[in-house]
Amino acid sequence: MFLINCPFCGEREQSEFKAGGEAHIVRPKQPTELSDDQWAEYLFMRKNIKGIQFERWNHIHGCRKWFNMVRDTSNDEIKAVYKMGEKPPVK
Amino acid sequence: MTKNLRVKSSKLVDETYRISFKFNGTTYYGFKGDTLASALLANNIHLVGRSFKYHRPRGIMTAGSEEPNAIVQLHNGTSRTEPNVRATEIEIYEGLVATSQNCWPSVKFDIGGINNFLSPLLPAGFYYKTFMWPASFWEKYEYFIRKSAGLGKSPDVPDPDIYEHKYIHCDVLVIGAGISGLIAAKTAAKSGFKTLLVEEKSYLGGSTIYQDSEFFKINNQNSASWLEKEINEVKKIENLEIKTRTSVAAFHGYNFLLARENLTDHLPLEQRENKTRQRLLKIRAKKVITATGSIERPLIFDNNDRPGILLSSAIKKYADLFGVACGEKNILFTNNDSVYETAISLIQKGIKVQAIIDNREEIDSKLIKETEKNNIKIYKGYSIVDTFGYKRINSVSIMKLSKDGQKVIGSKENISCDSLGISGGWTPAVHLFTQSGGKLKFRDDDQVFIPNTYPSNQISIGSCNGDFTLDEILINTPKLLKEFLNIKKTEYENIEIYSAFNKSKRNIWLLPSNKIVGKTKSFVDFQNDATAKDIKLALREGFRSIEHVKRYTTTGMGTDQGKLGNMHALGIISETASSKMGELGTTTFRPPYTPLTFGTIVGRNVGKYFDIIRKTPIHEWHIENKAEFENVGQWKRAWYYPQNGENMHEAVQRESKAARDSAGILDASTLGKIDIQGTDASEFLNRVYTNAWSKLEIGKCRYGLMLNEDGMVYDDGVTTRLDENHYIMTTTTGGAATVLGKLEDYLQTEWPELDVYLTSVTDHYATISVCGPNSKKIIQKVIPEIDLSDKDFPHMSFKNSKIGKVKCRVMRISFTGEQSYEINIQANYAKSVWENCIEAGKEFNITPYGTETMHLLRAEKGFIIAGQDTDATMTPIDLQMDWIVSKKKFDFIGKRSLYRSDTIREDRKQLVGLITDNPEEILEEGAQIVADMNKTPIEMLGHVTSSYFSPNLKKSIALGVVKGGKNMMGQKLIIPMEKKQINVTVTDPVFLDKENKRLNA
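Trainee: Would you explain the overall build of chain A in this entry?
Mentor: Counting its secondary structure elements, chain A contains 1 helix and 6 strands. In sequence order, the secondary structure elements of chain A are arranged as β-β-β-α-β-β-β. Its C-alpha atoms put chain A at 45 × 30 × 25 Å along the principal axes. Burial statistics for chain A: of 91 residues in total, 14% are counted as buried.

Take a look at the structure:
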């Protein structure tokens, strides 16, 4: 079970958090201008990476804030956490 | 026949404290400190069970948690029976009652033993191969397999014991209190780390605590004496907590571990009352030191499973720790020096060693010399090829090994015995390390897997790290600790060590026999009856991966998880398939390390504490008025209120009729309520609902549908504009938390520029809904000051008011199609306001109704329930609710998906009404809808989503989803049921008052 360093609250048990899928997928500003394929790309397509992955997490049983996490899925190492809107600190 | 095999005084048992216990119906005696196994052995009982598949007689084999055979059923009254308890772990207490498992009618005469003679017919994969065909016979096969399978019986009444969970945070966790664990715990604690030391046994010191001979010395003292002094010091350290009888079950990522602390299982029964039995410790440690020791390997030869055959280290432990001789004529069989430690212990205690068979030809060590001095015959370069004795070993056959160890040569010699100790060397207990994600490496010198890379802040020390001898432990452990704890010095720098142990070993995974492999029964997994022959068969049949061989042969799949034999299985595979051990890898070690009781896993979360129960503030009234309840998520909601012995149907018919004829009252407090404030609140609602919100006047209410981004209906509810920048949103009861979560998600991540704040107020306000033609009169009586005229207070509007001095909000909204008012009031006043309404409504026969009537009333009106009439495939268009989807709005969640190629299909399933030809026939919710019964396969057009008998329309009504249903009005369809077909006609989903006359009346 992870120990997650919430950017607002500090280290907390994983059981306080909810995973929210891939990070940095921006909702299109003008969905009406997109083709079915482009919209489907936004709506359905997600990466499933072995290695460094960017994820959204929510401190659902804490401050209820969403934030981002960089995690190595091959060994579950959390490389970094950062607030929404911030640039990832690692590549 | 029973003998007393108790010898000289021992380390652990208190011979002044006698305890009686029952095993298989006979009363025996042991002493305080005995395990069930040691007490049975002291009574000369080896035969304790039957094996799983062949029902072969089996005896106690080990003295620890790795025990494969001696698993028993404990009986403490009917409710406290427990299967699969290892006799080697359970400490005896006054009144213990245990029986053997997996045998009938008795362990001495077991019908299933016939499987042993049928064994040529029961090879690996027998069940897979035999019961495959024909598939339709499976149910018949299963009946017989179930009867003969299984180990032990689970109790069939609730567990009366108390269990609990506890969180522990520490700087350093040390697992195992053997010599290296004790050194680590002392060093860590004395260096200022808050340290927790856990040990699965009742005592500290591991195997060194009974290593009491001149052949193992530390600073010129026998190692046992030295360690005893250490333990006394360790117990005094303040920031060191020690937990015995505590076994770590799981080692997860980020140094999160689960351990089971056994608190009462060793106590006399009368001392257990009202005490917590077992505690699950949830440990988060900054650093973990694993010192779990090692497990002795058996040797694999023909008939190596008879009662009386034990690990050599177990024989030593029973003698030293419990003062018990496992036999009067012991033979020891080995490939390494370990059995000589046992021999010396037995000699010290005056227990006879008949002979030692050592597969090594040229051996020399101080231990061996000492053994020879005592006139014990050592057969060097020999191997055991067979054993004899059905319920207890009585002799062995030995033969000389060839130089290359591939075969046996010369003539057979028989030696009689009543106990055989075997040692195939040692396997580091790396289970917890690998659970944590650690990777192993194979050390060729002595054929062991040892820790290689650590995934978290942890180390392994002592024999679980491959340091088996006293000198290796005492030299390497301090070095590892200094680096790991980042300290300069330990107390163990200039220590003098003397160990007579010689590390030489002749490893042969499967010992050669004078018979062909197919004629031997050389057990690799004792609990699951997997033999070397089975593994070879699996390889012949093409299995190569260790994980596949494991599942095909069931090697390592018992409750002991193959702690003894897994390495041999690997070895045999590697030799047969000519692959390298290191490249084969190991099977995955999964938690728990030793089985956990269900009680420990669930802790206090049982019965009414299993899940949170949410009750409305009016709950007590519902109970007093005999409501039946239904669970909606965690909520208890009044379902219906039966009167005078009514059944549900009768009650619901009466409630529904009353609500339409005069007045009904519903507790709607469970609806989700979200308070929305901020200058961008209107814009926010525009984006999350399908319809437009900007122009909603203050004081007005509006119904909204919420979609997922894929266009599918997700939730619905009425939102009221309380002020310019202030709304209150209602959600479905079940959707409250997820809707709030979803709204927060969009606010925080997609639209952080919006000035909007969301607060859940579901529990803060209760909602009392009064409906029916007389509802206005009742509300007027309850709130005299409010103007309820239709002009001033029309449908879909809201007013602030007061009941006495208490503020309330009144909304004129309706989920029934009747004129209807909802009073929202601070929760703690709700019950009295509810009672006011009931009192005021008496003259109008106000009738409380529950969720079932609510569902019926809304179905008459064709209102959907999100989650019942919708699933994750229904768009608003599919629901025939085009009117609620704004064409003008630039965007809202899900908008773009409403004109994807799939969502604009004409033949999507669409919501329609269904009227049965026979008005008395009520459809079953979930029933399939078809048009043509003659077409094969029959095309499924959809299914029934809601169905009721309407007392107001006096006929059966139903909602359903049907492919292309929108264009099928008036068409006949069929609902095929098991024994009949029901004919229905497709209609509009609104059955009652299409013109909304009742709403505005």
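The structure having been displayed, the exposition proceeds.
Trainee: Whenever I open this one, the sheet that holds strand β10 (residues 216-218) of chain B confuses me. Can you help?
Mentor: Strand-to-strand pairing in sheets goes through backbone hydrogen bonds, with the strands running parallel or antiparallel. Residues and elements named next belong to chain B. Taken in spatial order, the 3 strands line up as β11-β10-β29 in an open sheet, and their pairing is antiparallel. Of all strands in the sheet, those bounded by a partner on one side alone are β11 (221-222) and β29 (497-499). Taken together, the 3 bridges between β10 and β29 define a ladder with antiparallel strand orientation. What sits directly across from Ile218, in β29, is Ile497. In the packing of helix α11 (residues 470-485) onto the sheet, contacts are made with β10 and β29, and the angle to β29 comes to roughly 150 degrees.

Trainee: Would you mind showing me how to read the interface of chain B and chain A here?
Mentor: Many descriptions give the size of an interface as the accessible area lost when the pieces come together. Across the contact, 22 residues belong to chain B and 18 residues belong to chain A. Looking at the side of chain B that touches chain A residue by residue, the classes come out as 4 nonpolar, 8 polar and 10 charged.

Trainee: Would you mind going over unusual backbone geometry with me for this structure?
Mentor: Trans peptide bonds make up the majority, and among non-glycine residues the majority have a negative phi. Residue and element names in this part refer to chain B. Residues Pro591 and Pro592 are joined by a peptide bond in cis, for which omega reads -5 degrees. Its place among the elements puts Pro592 in the loop between α15 (581-584) and α16 (598-602). A cis amide bond links Thr936 with the next residue in sequence, Pro937, at an omega value of -10 degrees. Within the secondary structure, Pro937 sits in the loop between β46 (928-930) and β47 (940-950). With phi around 55 degrees, Asn486 is a residue other than glycine that occupies positive phi space. Topologically, Asn486 is positioned in the loop between α11 and β29.

Trainee: Can you walk me through the pairing of strand β26 (residues 439-443) of chain B in this structure?
Mentor: Moving residue by residue along a regular strand, the side chains alternate between the two faces of the sheet. Residue and element names in this part refer to chain B. Bridge count for β26 against strand β27 (residues 448-453) is 5 bridges, and the pairing is antiparallel. Bridging from a neighbouring strand, Lys441 pairs with Ile450 of β27. Turn length for the β26-β27 hairpin, with the two strands adjacent in sequence and antiparallel, is 4 residues, and the turn residue Gln447 shows positive phi of about 55 degrees.

Trainee: Help me out: how do you make sense of the pairing of strand β24 (residues 419-423) of chain B in this one?
Mentor: All names here are of chain B. Counting buried residues in β24 gives 5 out of 5 residues, a clear majority hidden from the surface. Across the two faces of β24 the burial is the same, with Ser419, Gly421 and Ser423 and Leu420 and Ile422 all buried. Here strand β17 (residues 309-311) pairs with β24 via 3 bridges, running parallel. Of the residues in β24, the one forming a bridge with Leu310 is Gly421. The pairing of strand β18 (residues 330-334) with β24 spans 5 bridges and is classified as parallel. Opposite Asn330, over in β24, you have Ser419 as the bridge partner.

Trainee: Explain the packing of helix α5 (residues 179-190) of chain B against helix α6 (residues 223-234) of chain B here, please?
Mentor: When two helices pack together, their arrangement is captured by the angle between the axes and the distance separating the axes. All names here are of chain B. The contact between α5 and α6 brings their axes to 10 Å, and the two run at 35 degrees. Like other packed secondary-structure pairs, α5 and α6 cross with a definite hand, here left-handed. Contact residues: Ile179, Leu182, Ala185 and Lys186 in α5; Leu227, Glu230, Ile231, Glu233 and Val234 in α6. Taken together, the residues of the contact of α5 with α6 sort by class into 6 nonpolar, no polar and 3 charged.

Each value, and the rule that gives it
Residues numbered from 1 in each chain as written. Chains lettered and ligands numbered in written order. Predicted model: local features only at pLDDT ≥ 70, side-chain atom pairs only at ≥ 80, totals over all residues. Helix = DSSP H or I, 4+ residues; strand = E, 2+ residues; numbered from the N terminus. Buried ≥ 20, exposed ≤ 12 C-beta atoms within 10 Å, placed from the backbone. Pairing = 2+ DSSP bridges. Contact = placed C-beta atoms within 7 Å. Axes fitted to C-alpha atoms, helices over the stretch in contact; angles between N-to-C directions. Nonpolar A, V, L, I, M, F, W, Y, C, P; charged D, E, K, R; others polar. Left-handed = near helix turned anticlockwise from the far one by under 90°.

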